[in-house]
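In case you want the letters, here they are:
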Amino acid sequence: MELVRPLEPILIIDDVEDVRSYLIDILENLGFEEVYESEDFKSAMPLMAEKLPNVIFLDIELPDTDGTQILEYINDNYPNVHVIMCSGHNSLENVQNTWELGAKGFIAKPFNAKKVDSVMKRLEMIA
């Protein structure tokens with residue numbers, strides 16, 4: 001029996017290629033197949049329009065735009081997308097701010113497969 005994956009497609013927006021590759025590997029090992037990546041907001045915008053992701057892993061600190069501004073854009077234009085914020089700065093203020101702006105999760109870098117699996121399972125329960 002094939003599993004239904006209501007969370008796909010998944011988009012990763014992070015300026016660090018190693019982070020994107022590592023997250024793609026984790027998601028693929030968890031059984032997700034439709035995973036896309038982007039290094040900045042400019043290149044992510046057409047991907048969002050074309051692929052209509054259900055989950056976006058979004059780095060808070062990007063070279064072209066602040067992640068919280070992107071989160072607001074996603075909420076305004078794609079209100080059904082589940083956004084998981086990712087940051088190396090997991091201060092309480094950072095986490096609270098992203099929750100208040102509508103993020104569905106927060107993963108502190110460096111993350112591991114267990115953390116990603118946990119957040120994806122939580123999303124599957126609400127999707």
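Now for a quick tour of the structure. This is a predicted model, so every value here is computed, not measured. (Residues numbered from 1 in each chain as written. Predicted model: local features only at pLDDT ≥ 70, side-chain atom pairs only at ≥ 80, totals over all residues. Heavy atoms only, no water.)

## Focus: the pairing of strand β1 (residues 10-13)
1) Next: Side chains of β1 alternate between two faces, with Ile10 and Ile12 and Leu11 and Ile13 buried alike.
2) Next: Alignment of β1 against strand β2 (residues 35-38), held across four bridges, turns out to be parallel. Bridged to Ile12 within β2 is Glu37.
3) Next: Running through helix α1 (residues 17-29), the crossover from β1 to the neighbouring parallel element β2 is right-handed.
4) Next: Sheet topology places β1 next to strand β3 (residues 55-59); four bridges connect them, and they run parallel. (Buried < 20%, exposed > 50% of the residue type's maximum accessible area, 1.4 Å probe, protein only. Helix = DSSP H or I, 4+ residues; strand = E, 2+ residues; numbered from the N terminus. Pairing = 2+ DSSP bridges. Right-handed = clockwise from strand over helix to strand, strands pointing away.)

## Quick notes on unusual backbone geometry
1) Next: For the bond from Glu8 to Pro9, the omega torsion is 0°, close enough to zero to count as cis.
2) Next: Residue placement: Pro9 occurs in the segment before β1.
3) Next: Note that the residue after Lys109, namely Pro110, is joined by a cis bond; omega there is -5°.

## A few points about the packing of aromatic side chains
1) Next: By the definition in use, this model includes three aromatic pairs.
2) Next: Consider the rings of Phe41 and Tyr73, whose centres lie 5.2 Å apart with planes at 80°: the pair is edge-to-face. Taken together, the residues span a long stretch of sequence, with Phe41 in helix α2 (residues 41-51) and Tyr73 in helix α3 (residues 67-77) at a distance of 32 residues.
3) Next: One aromatic cluster is present, formed by Phe41, Tyr73 and Tyr78 through successive ring pairs. (Phe/Tyr/Trp six-rings, centres within 6.5 Å; stacked < 30°, edge-to-face > 60°.)

## Here's the deal with a negative patch on the surface
1) Next: On the surface, Asp15, Glu17, Asp18, Glu39, Glu61, Asp64, Asp66, Glu72 and Asp76 cluster together into a patch of negative charge.
2) Next: Among the secondary structure elements, those contributing two or more residues to the negative patch are α1 and α3.
3) Next: Tracing the backbone through its elements, the reader meets Glu72 in helix α3. (Patch = residues over 30% accessible without salt bridge, like charges linked within 9 Å, V, L, I, M, F, W, Y side chains within 5 Å. Areas by Shrake-Rupley, 256 points an atom, 1.4 Å probe, with all protein chains shown as cover. Salt bridge = Lys/Arg side-chain N within 4 Å of Asp/Glu carboxyl O. Lys, Arg positive; Asp, Glu negative; His and termini not counted. Charge placed at Lys NZ, Arg CZ, Asp CG, Glu CD.)

## Regarding the packing of α1 against helix α5 (residues 113-126)
1) Next: Viewed as axis vectors pointing N to C, α1 and α5 meet at an angle of 60°, and their least axial separation amounts to 10 Å. Taken together, the axis directions place α1 and α5 in an arrangement best described as oblique. For α1 against α5, the interelement crossing comes out right-handed. For the pair α1 and α5, contact is made by Tyr22, Leu23, Ile26 and Leu27 and by Ala113, Val116 and Met120, respectively.
2) Next: In terms of residue class, the contact of α1 with α5 is made up of seven nonpolar, no polar and no charged. (Axes fitted to C-alpha atoms, helices over the stretch in contact; angles between N-to-C directions. Parallel < 35°, antiparallel > 145°, perpendicular 65-115°, else oblique. Left-handed = near helix turned anticlockwise from the far one by under 90°. Contact = heavy atoms within 4.5 Å. Nonpolar A, V, L, I, M, F, W, Y, C, P; charged D, E, K, R; others polar.)

Limitation: the analysis is restricted to geometry and does not speak to function.
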